[in-house]
Amino acid sequence: MVDTVAVHRRGQGTALAFLGVLAFSGSFPGTVHAMQGFDPWLVAIGRAAVAGVLALTCLAATGTPLVPPRAHWPSYALISLGVVFGFPLFSGLALDLGASTAHAAVVTGLLPVATAVCAVLRAAERPRPLFWAACTAGALAITAFTLIQHQGRPSWPDLLLLGALGSAAIGYTEGARLSRRIPGWQVISHALVFSLPVTVPVSAVLALTTPISPSGPALAGFAYVSAISMFLGFIPWYAGLARGGIARAGQTQLVQPLLTLVWAWFLMGERFGPPTVVAALAVLVCVAVTQRART
């Protein structure tokens, strides 16, 4: 007999996770715009500092303790290393070294596979073989795309993007584990506040020692990656992973490359060829298969 409650819960999880993906899809264009006026290191660390202040304000306004329980500190350390520091820094440096927004977007299609692996290792999830087959197909499509783009050899930006993927997968999995017991907004808020002793002083030093030319697009990009990508987007994202299953709901992020391509074209006028579109469509097919493969 079909467990309708479980099916409904998984459906809610997928919908919430997609809202998170929608928020994250503008991260790369926002980062590129921000780096037009700010140093890449300042964009990566400064966005976390601004998001941390927003999180601190939300915790204080709701009467929630500002510091998480000591027993959860190891988990918050992993979340911070993964999504507060690792992903923004690695992906920002990759874009700064010449990776296009479209290329970076397609490479991030590997993220759901990395998240699923972390879910198996850290959260004891056991997806079915069909799920892994779809994940593998998506990973192969993106790998082929990357190698074609660089004549059979990965570039430094590609290696940095792989570092970003690994960092995000760890942060996503650990945050989703906590979100099974704690509201997602508290999880990301505490992770950001947990990082403030590092992000605030480092951001202050970078602001004083690096060139700054704050144009309108740069400020808008920085505001987006600080408020949306680093904070608000994680609220439905963590809730969705907790409800729908980390591995299964995480596959909604396979749609992110297509969404980012749309933003890159609409906001930046970025052009991309048929291989980019084919690779993005291939991972979109894979997400449809993974959502039919019950965990």
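See the structure above.
Cut-offs used in this document
Every residue gets a number counted from 1 within its own chain, in the order that chain's sequence is written. The model is predicted, so local features are restricted to residues of pLDDT at least 70 and side-chain atom pairs to those at 80 or more, both for listing and for counting; the totals for chains, interfaces and linings are taken over all residues. As a convention, hydrogens and water are excluded, and side-chain values are obtained from all of the structure's heavy atoms. Helical segments are the DSSP runs of H or I of at least four residues, strand segments are the runs of E of at least two, and each set is numbered from the N terminus. Residue exposure (1.4 Å probe, protein chains only): buried if accessible area is under 20% of the type maximum, exposed if over 50%, otherwise partly exposed. Any two residues having at least one pair of non-hydrogen atoms within 4.5 Å are treated as being in contact. Here the accessible surface of atoms and residues is derived via Shrake-Rupley with a 1.4 Å probe, and residues count as covered only by protein chains that are part of the display. Exposure above 30% relative accessible area and the lack of any salt bridge qualify a residue for a patch; like charges then connect within 9 Å, and the nonpolar side chains Val, Leu, Ile, Met, Phe, Trp and Tyr within 5 Å. A pairing counts as a salt bridge when a side-chain nitrogen of Lys or Arg comes within 4 Å of a carboxyl oxygen of Asp or Glu. A pair of Phe, Tyr and Trp rings is counted when the ring centres sit within 6.5 Å of each other, with Trp represented by its six-membered ring. The angle between the planes then sorts it: under 30 degrees is stacked, over 60 is edge-to-face, the rest tilted. What makes a nonpolar core is a set of buried Ala, Val, Leu, Ile, Met, Phe, Trp, Tyr and Cys residues whose side-chain atoms join them at distances within 4.5 Å.

Student: Report on the overall build of the chain, specifying residues and quantitative values.
Tutor: Scanning the chain from N- to C-terminus turns up 14 helices and 0 strands. By the burial criterion, 55% of the 295 residues in the chain qualify as buried. Across the chain, the fraction of contacts at a sequence separation of at least 24, relative to all contacts at a separation of at least 6, is 90%. Accessible surface computed for the chain: about 12,600 Å², of which carbon and sulfur atoms make up 72%.

Student: Could you give an account of a nonpolar patch on the surface, with specific residues and numbers?
Tutor: Taken together, the side chains of V262, W263, W265, F266 and L267 present a nonpolar region at the surface, about 540 Å² in accessible area. Tracing the backbone through its elements, the reader meets L267 in helix α13 (residues 256-268). Owing to a relative accessible area of 47%, L267 belongs among the partly exposed residues under this scheme.

Student: Before we move on, could you go through the packing of aromatic side chains and cite the residues and values that matter?
Tutor: Counted by the stated rule, this structure contains 9 aromatic pairs. Taken together, a centroid distance of 5.8 Å and an interplanar angle of 75° make the contact between F24 and W237 edge-to-face. In this pair, F24 is assigned in helix α1 (residues 4-24) and W237 in helix α11 (residues 234-244), connecting sequence segments 213 residues apart. Ring plane angle 45° and centroid distance 5.4 Å describe the contact between F234 and Y238, whose orientation is recorded as tilted.

Student: Can you tell me about the pattern of salt bridges, naming the residues and giving the values?
Tutor: By the definition in use, this model includes 1 salt bridge. Note that R177 and E174 form a salt bridge whose closest N and O atoms lie 2.7 Å from each other. One end of the pair, R177, and the other, E174, are both in helix α8 (residues 156-179), 3 residues apart, so they sit about a helical turn from each other. A residue is classified by how much of its surface remains accessible, and R177, at 22% relative accessible area, is partly exposed.

Student: How would you sum up the nonpolar core? Please name residues and give values.
Tutor: Judged by nonpolar contacts, the single largest core of 66 residues is most densely connected at I79, Y172, L192, F234, W237, Y238 and L241. When near neighbours in sequence (up to four residues on either side) are disregarded, Y238 contacts I79, V83, G171, Y172, G175, A176, S179, G184, V187 and I188.

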